[in-house]
Amino acid sequence: MGKGFYISKSVGVVAIILGAGALATIIALSVVYSQEKAKNNDNVLPTDGGSTKPPVTTPAPSNNPWDKYRLPKSLVPEIYHVTLWPRLTPDETNNLYIFTGNSTVEFKCAEVTDLILIHSNKLNYTKLENNHLARLTSVNGDKAPSITKSWLEPLTQYLVLQLDGKLSKDHQYQLFTEFTGELADDLGGFYRSEYWENGERKVVATTQMQPTDARKAFPCFDEPAMKAIFHITLIHDAGTVALSNGAEIRNTGHGLQTTVFEPTPKMSTYLLAFIVSNVFSSVYFMMWVQVRIFARKPAIAAGQGDYALNITGPILKFFEKYYSSKYPLPKSGKSTTRIWFKDKYRPTFANCPESSSGGIPSVFISIIYVKLKCIWKWFGNLVTLRWWNDLWLNEGFASYVEYLGADEAEPDWNVKDLIVLSDVHRVFAVDALASSHPLSSKEEDIQKPAQISELFDAISYSKGASVLRMLSDFLTEEVFTLGLQTYLERFAFKNTVYTDLWKHLQMAVTANGTKLPDTVHNIMNTWVLQMGFPVVTINTTTGVVSQEHFLLDPDSEVTTPSQFKYAHFLSLSFIPFFNNNLQKMKASGEDWVLANLNVVGYYRVNYDVNNWRKLLTALSTNHEAIPVINRAQLVDDAFNLARAKIIPTVLALDTTKYLSREREYMPWDSAIGNLDFFFLMFDRSEVYGPIQDYLREQVTYLFRYYKNMTDSWTKVPNGHMDQYNQVNAISLACRTGLEECQNLTMGWFTQWMHTEINPIHPNLRSTVYCNAIAAGGAAEWEFAWSKFKNATIAIEADKLRYALACTKQPWLLNRYLEYTLMPEMIRKQDATSTIVYIANNVIGQSLAWDFVRARWSYIFSEYGGGSFSFSNLINGVTERFSTEFEIQQLRQFKEDNAEVGFGSGTLAVDQSIERTIANMKWIAENKDTVLKWFNDQNKA
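Residues numbered from 1 in each chain as written. Predicted model: local features only at pLDDT ≥ 70, side-chain atom pairs only at ≥ 80, totals over all residues. Heavy atoms only, no water.

By the naming in an unreviewed UniProt entry, the chain is Aminopeptidase, taken from Sparus aurata. Here the chain is described in UniProt, under the heading Sequence similarities (unreviewed entry), as follows: "Belongs to the peptidase M1 family." (UniProt positions renumbered as here; feature names shortened; annotations may be inferred.)

Q: Describe in detail the overall build of the chain, supporting the description with residues and values.
A: The number of helices and strands found in the chain is 28 helices and 25 strands. Scored against the burial criterion, the 940 residues of the chain give a buried share of 61%. Sequence-distant contacts, at least 24 apart, represent 75% of the contacts inside the chain between residues at least 6 apart. If you sum the accessible surface of the chain, you get close to 35,200 Å²; carbon and sulfur atoms cover 51% of it. (Helix = DSSP H or I, 4+ residues; strand = E, 2+ residues; numbered from the N terminus. Buried < 20%, exposed > 50% of the residue type's maximum accessible area, 1.4 Å probe, protein only. Contact = heavy atoms within 4.5 Å. Areas by Shrake-Rupley, 256 points an atom, 1.4 Å probe, with all protein chains shown as cover.)

Q: With reference to specific residues and values, describe the sheet that holds strand β22 (residues 545-549).
A: In spatial order, the strands read β22-β21-β25; together these 3 strands make up an open sheet with mixed pairing. Looking along the sheet, the strands with just one partner apiece sit at the ends: β22 and β25 (604-607). Direction aside, the axes of adjacent strands within the sheet are offset by 25 degrees on average. (Pairing = 2+ DSSP bridges. Axes fitted to C-alpha atoms, helices over the stretch in contact; angles between N-to-C directions.)

Q: Account for the packing of aromatic side chains, with residues named and values stated.
A: Scanning the entire structure with this criterion turns up 56 aromatic pairs. Relative to Y769, the ring of W752 has its centre 5.2 Å away and its plane inclined at 20 degrees; by these criteria the two rings are stacked. Of the two residues, W752 is situated in helix α19 (residues 739-755) and Y769 in helix α20 (residues 765-775); the sequence distance between them amounts to 17 residues. Overall, Y769 belongs to the buried group, its relative accessible area being 0%. Each residue in the set F639, F677, F678, F682, Y694, W922, W933 and F934 is aromatic and connected to the rest through ring pairs, giving one cluster. Lying across the ring of W387, R70 places its NZ or CZ 3.5 Å from the centre. A cation over a ring is seen here: R87 above W85, with NZ or CZ 3.5 Å from the ring centre. (Phe/Tyr/Trp six-rings, centres within 6.5 Å; stacked < 30°, edge-to-face > 60°. Lys NZ or Arg CZ within 6 Å of the ring centre and 35° of its normal.)

Q: Can you tell me about the pattern of salt bridges, naming the residues and giving the values?
A: Pairing is possible between side chains of opposite charge, provided their charged atoms come close. For the structure shown, the criterion picks out 40 salt bridges. We note a salt bridge from R604 to D637, for which the minimum N-O separation is 2.8 Å. Remark: D637 occurs in helix α14 (residues 628-643) and R604 occurs in strand β25; sequence separation between them is 33 residues. Looking at R604, the relative accessible area reads 1%, which means it is buried. Between K927 and E686 there is a salt bridge; the shortest N-O distance is 3.3 Å. Placement of K927 in helix α28 (residues 906-939) and of E686 in the loop between α16 (665-682) and α17 (688-709) is noted, with a sequence separation of 241 residues between them. With relative accessibility at 25%, the residue K927 sits in the partly exposed group. Through salt bridges with shared partners, a single network forms among D185, R192, E194, R201 and K828. (Salt bridge = Lys/Arg side-chain N within 4 Å of Asp/Glu carboxyl O.)

Q: Account for the UniProt feature "binding site: Zn(2+)" (unreviewed entry) in the chain, naming residues and giving values.
A: According to UniProt, the feature "binding site: Zn(2+)" (unreviewed entry) maps to E395 in the numbering used here. Of the residues examined, E395 reaches a relative accessible area of 5% and is grouped as buried.

Q: Before we move on, could you go through the nonpolar core and cite the residues and values that matter?
A: Counting residues in hydrophobic clusters, the biggest one holds 187 residues, and the most contacted among them are Y322, L475, W502, Y607 and F678. Setting aside its immediate chain neighbours within four residues, Y322 contacts F397, Y400, V401, L404, E477, F480, T481, L484 and Q485. Core analysis: the next-biggest nonpolar cluster, separate from the first, contains 64 residues, W66, L88, F221 and A242 among them. (Core = buried A, V, L, I, M, F, W, Y, C linked by side-chain atoms within 4.5 Å.)

Q: Describe the packing of helix α25 (residues 845-863) against helix α26 (residues 870-878), with residues and values.
A: Remark: α25 packs on α26, axes separated minimally by 10 Å, with the N-to-C direction vectors making an angle of 160 degrees. Judged by the inter-axis angle, α25 sits roughly antiparallel to α26. Relative to α26, α25 is oriented so that their crossing is left-handed. Contacts between α25 and α26 pair Q845, A848, W849, V852, W856, I859, F860 and Y863 from the former with F870, L873, I874, V877 and T878 from the latter. Classifying every residue of the contact of α25 with α26 gives 11 nonpolar, 2 polar and no charged. (Parallel < 35°, antiparallel > 145°, perpendicular 65-115°, else oblique. Left-handed = near helix turned anticlockwise from the far one by under 90°. Nonpolar A, V, L, I, M, F, W, Y, C, P; charged D, E, K, R; others polar.)

Q: I'd like to hear about the sheet that holds strand β11 (residues 200-208), residue by residue, with values.
A: Each strand in a sheet pairs with its neighbour through backbone hydrogen bonds, running either in the same direction (parallel) or in the opposite one (antiparallel). Pairing is antiparallel in the open sheet, where 4 strands are placed in the order β10-β11-β16-β13. In this open sheet, the two edge strands, each paired with only one partner strand, are β10 (189-197) and β13 (241-244). Pairs of neighbouring strands in the sheet enclose a mean axial angle of 15 degrees, with direction left out of account. Sheet topology places β13 next to strand β16 (residues 274-277); 4 bridges connect them, and they run antiparallel. Residue pairing in the sheet places V241 in a bridge with S277 of β16.

Q: Requested: an account of the state of the cysteines, with residues and values cited.
A: As enumerated under the stated definition, the model contains 2 disulfides in all. Residue pairing for C734: its cysteine sulfur links by disulfide to C741, the two sulfurs lying 2.0 Å apart. Here the S-S torsion is close to -95 degrees, and the disulfide linking C734 with C741 is therefore left-handed. By relative accessible area, C741 is classed as buried at 0%. Paired through a disulfide, C770 and C806 show a sulfur-sulfur distance of 2.0 Å. Its S-S torsion of about -100 degrees marks the bond between C770 and C806 as left-handed, since a negative value means left-handed. Taken together, the positions of C770 in helix α20 and C806 in the loop between α22 (794-803) and α23 (810-819) put the pair 36 residues apart, joining distant regions of the chain. Pair check on accessibility: C770 and C806 agree, each one buried. For the chain, the disulfide bridges join cysteines in the arrangement 1-2, 3-4, where the cysteines are counted in sequence order. (Disulfide = S-S within 2.5 Å.)

Q: Account for the pairing of β10, with residues named and values stated.
A: With respect to burial, β10 is a largely interior element, 8 of its 9 residues being buried. Sheet topology places β10 next to β11; 9 bridges connect them, and they run antiparallel. The partner of E197 across the bridge, within β11, is E200. Here β10 hands over to β11 after 2 residues, with N198 in that stretch at a positive phi of 55 degrees.

Q: A description of helix α9 (residues 458-475) should follow, citing residues and the corresponding values.
A: Spanning 18 residues, α9 covers 25 Å between terminal C-alpha atoms, matching the ideal 26 Å at 1.5 Å per step. At G464, α9 is deflected by roughly 25 degrees, the largest bend along its length. Positive phi appears at T476, one or two residues downstream of α9, with a value of about 85 degrees. (Expected span 1.5 Å × (residues − 1). Bend = angle between axes of the 7 residues up to and from the residue.)

Q: For unusual backbone geometry, give the residues involved together with the corresponding values.
A: A cis geometry characterises the amide bond from Q210 onward to P211, with omega recorded as 0 degrees. For K565, which is not a glycine, the phi torsion comes out positive at approximately 55 degrees. Along the chain, K565 falls in the loop between β22 and β23 (572-575). Residue classification places K565 among the partly exposed positions, given a relative accessible area of 46%. If you check the backbone angles, V599 has positive phi at about 50 degrees while not being a glycine. Topologically, V599 is positioned in the loop between β24 (592-595) and β25. Under the relative-accessibility criterion, V599 is labelled buried at 2%.

Q: An account of the confidence of the model for the chain is needed here, citing residue identities and associated values.
A: The pLDDT averaged across the chain works out to 84; a share of 84% of its residues lies at or above 70. Counting interchain partners and residues more than four positions distant, the pLDDT-below-50 stretch residues 7-58 has 156 contacts. In the model, residues 330-356 has pLDDT below 50 throughout and makes 89 contacts with residues more than four positions away in sequence or in other chains. (pLDDT = per-residue confidence, 0-100.)

Okay, structure coming up:
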């Protein structure tokens, strides 16, 4: 076969270090960027927190301070004393669940003012003896000004207090309030969560403060820079457990108990948490830190918290070493470490015993969630963003480093590689749209709570993770961690902007003597301050390398200007295996070039047609000559380049022809993910049958491979990736109509129905349940529904909830949709994902879309408060859209609900419109070619 060499991108690496016999040569290039920069005479030195987004005007009713969405800088909170009493049974007079409370906030006057603004949302206040909604006193001993007027501003969510005199600068004051709030089931602030256990409804009072819902629990200065110390007291019924950020220091009372917690460190309001429940139990594991896992008593008794318990300590140790910083909390009087904010795992994530319904994928989820909570102790909690426009840094960093912690917990699983599938490829799909947005925005563009919620999307999480991973790679992990360590030390318990991190990374670069083509600030701002990413094209005949802004629909109009002209700092590192002309990127004869080794660069790669053909030959003759991650990359890049009309669609399809010989998880998962697009576009057309026939032939080899490996499905594969890929094999084989697979899954499910003993391994349950319910009728659905309602393990309930959406019976799907808005049937936090599951079913897609359109106002008002899932909901129900009728419906949906709003789904609406237009064009241009290609393969 032809010889090849790999090219891996790593920004700004210029050092060439070669030992005797060394095979690796690192060469840095600023591909095209210097030329593009020369064309642009503007100064490429953006200010802190800058953005290329066009200015967005945030309208306010007037110029009064209480009509602005940001707090003035006149008052700075220092200490809160908050007492709350949640009722876990409804009030007899109005049948509402409520909580009552009082709060005293001590603040310092930083600027002379006669006005107090403090955030408050959906709280009813008790008028005090002064006939106002609050009482103001001075801490310094002098007399405080009197309140002359007090009122609520619902639009900007303030409690407003007008004073008869000025507050004195540098003096401290206390503000006392009494209030009542609804313990609603809206997933925001202090809210109510319910579930069923042994036929009995269980109620939990819990919190979701991020980003702007602490103000629903008590009046507060609810901005991330307004850090303070919190003294929390919870009043609760005997037999219930109260939890908060600090350790419990006192519990008094009998029928009604009062639990007092240690004061928290200085922290932001969105990190505050408290829980009251009558079902939690705890497990302790003592080492240098006390780890406590809270879950339902039956779950603890069954050992379902053991896995999370056992991995938390080692992961914390890893991050202490990684950050060169001790766990950032002081010791309590009991020589145990206080919890920063109560790590509220939904049962799905905490309860993952290997021997129960969780399975290996669920254990991996457990690692990720345990590790995320550990990361946030340092990055986000110890050091906090100044404002939400830099949300990406907290969430992106957590999303990247979580893989490092997971790899530490389970080093044999190759977890670090999965970031390519789960984050890089995932966010490429969104960031390739003209309606995408930069990672960082200007502070003035992000003011309203709705605008803040919009930032909780794949760009902030997955692109943030991908770009930081790339940064770590080109700086080297040693330099990257050194910069992080000094950054965390310098800004401990303070607020920052993202450029503060650039400064500390630059300090590490300088200290290490690393050579870069420009500063970290200038290099990384090309990735942070403009949306999208490049496609790098390598012509192996001429050696020319170029880049351009990659758009999934090349005809879409980019209306957002960029001071960088959508050029990025790029560099290339080479790992040659043969003596090729590396510097000019040339490959002659049968030699080939493969760029972006291990997909560390946040970009796609295109080649000249000749090099593509050589890579296809390498796949078909000796695919293992190409690294596993890059085999997944070749498939994903090819399919997306084809959708962007950069290469022919048949060339992308040709990358799947070798799959009958592929046994690794990542290439298969990449192929299935991209071929899902073909299913979505053609499962309502005559192309669907030939696609099924082709893929059934390809996957049969993989299906039988795992049948032999598992001794006819009686054993579990040893490798973690093999366990994942076994699921792929069964899922695709059944989906494409392999009779042996369908008989297998239906046989297992029928055995369960008849014996009440479940023979299906936890790893396989989601796909087996789905395929059996799809092949069955009402009996199978009702059986699964009864198991779902009675499930005591949350991950098992989630698998059943997903599988129930697989039925082919429209009447069952319609009934299931109705259940999503009935909290006694489907929990509120599960409603939107269940609707998306139904929409993924070709029969359920139109039913789900009609359902969402007809009930949007209700869904948004009831489920919008604390939910960041509307982006997934809108994308999910419109993913299959590809006709003129559907685009008209989508535009009408946007127009009809403009006043209602879309919350975190606002950008998703525009992205769905853009994606639908692109789908329509793609089908018109490719349907005949695709049909011919699949027919030709099936004849071969």
